[in-house]
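Structure at a glance
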Amino acid sequence: GACQKEHSLDSPVDRSPTAAGQGVMPPGPVHELPEEERTTVMLRNLPNNYSRNMILQLLDSQGFFAKYDFVYVPIDFKTQ
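Computed from a prediction, not measured in an experiment: that's the story for all the values here. (Residues numbered from 1 in each chain as written. Predicted model: local features only at pLDDT ≥ 70, side-chain atom pairs only at ≥ 80, totals over all residues. Heavy atoms only, no water.)

Looking only at helices and strands, the protein chain has one helix and zero strands in total. In the protein chain, once contacts between residues fewer than 6 apart in sequence are set aside, the share between residues at least 24 apart is 69%. On the protein chain, roughly 7,200 Å² of surface is accessible, and the fraction owed to carbon and sulfur atoms is 54%. (Helix = DSSP H or I, 4+ residues; strand = E, 2+ residues; numbered from the N terminus. Contact = heavy atoms within 4.5 Å. Areas by Shrake-Rupley, 256 points an atom, 1.4 Å probe, with all protein chains shown as cover.)

Glancing now at helix α1 (residues 52–64). Look at α1: only 15 Å from first C-alpha to last across 13 residues, short of the 18 Å you get at 1.5 Å a residue. Those residues of α1 that sit buried are Asn53, Met54, Ile55, Leu56, Gln57, Leu59 and Asp60. Ala66 sits one or two positions beyond α1 and adopts a positive phi of about 60°. (Expected span 1.5 Å × (residues − 1). Buried < 20%, exposed > 50% of the residue type's maximum accessible area, 1.4 Å probe, protein only.)

Of note in this structure, Asn45 is not a glycine but carries a positive phi near 60°. One can find Asn45 in the segment before α1. The backbone phi angle of Ala66 is positive, close to 60°, even though this residue is not glycine. With respect to the helices and strands, the residue Ala66 is situated in the segment after α1.

Together, Val41, Leu43 and Leu46 give the surface a local cluster of nonpolar side chains, amounting to about 270 Å² of exposed area. Along the chain, Leu46 turns up in the segment before α1. The partly exposed category is assigned to Leu46, whose relative accessible area is 32%. (Patch = residues over 30% accessible without salt bridge, like charges linked within 9 Å, V, L, I, M, F, W, Y side chains within 5 Å. Salt bridge = Lys/Arg side-chain N within 4 Å of Asp/Glu carboxyl O.)

For the protein chain, mean pLDDT is 72; residues scoring 70 or higher make up 60% of the total. Considering only residues more than four positions removed or in separate chains, one finds that residues 1–9, a stretch of pLDDT under 50, has seven contacts. (pLDDT = per-residue confidence, 0-100.)

With respect to the helices, strands and loops of the structure, Asp60 is situated in helix α1. Of the polar contacts made by the side chain of Asp60, one reaches the side chain of Tyr68; its length is 2.6 Å. (Polar contact = N/O pair within 3.5 Å; in protein donor to acceptor, adjacent residues only side chain to side chain.)

Below, the structure is given as C-alpha cells:
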C-alpha cells in the first residue's frame, strides 16, 4: 500500500501537486477563471483555536487543493 505522510493540524503543509496526490496544477491562477466561474465562500462558527494552517489543511483534505487563491482568517482579539 501507499505510505502517506501525516501532519498534525498545526504543522506546515506541503502544497505541491505531488504532496497532494495531484498530477498537475490547474492551468493558471484561480483569478484567471471567467467571472461567472468564480465564487466567494465564508465559513462561519469555526472554533477559535483553529489556526489558518488548520483551515487550509481542512480545505485541501476535502478536495479543494489548488481550487482557491486567497484565505482570510480574522483574529478574535477578545478570545486568546
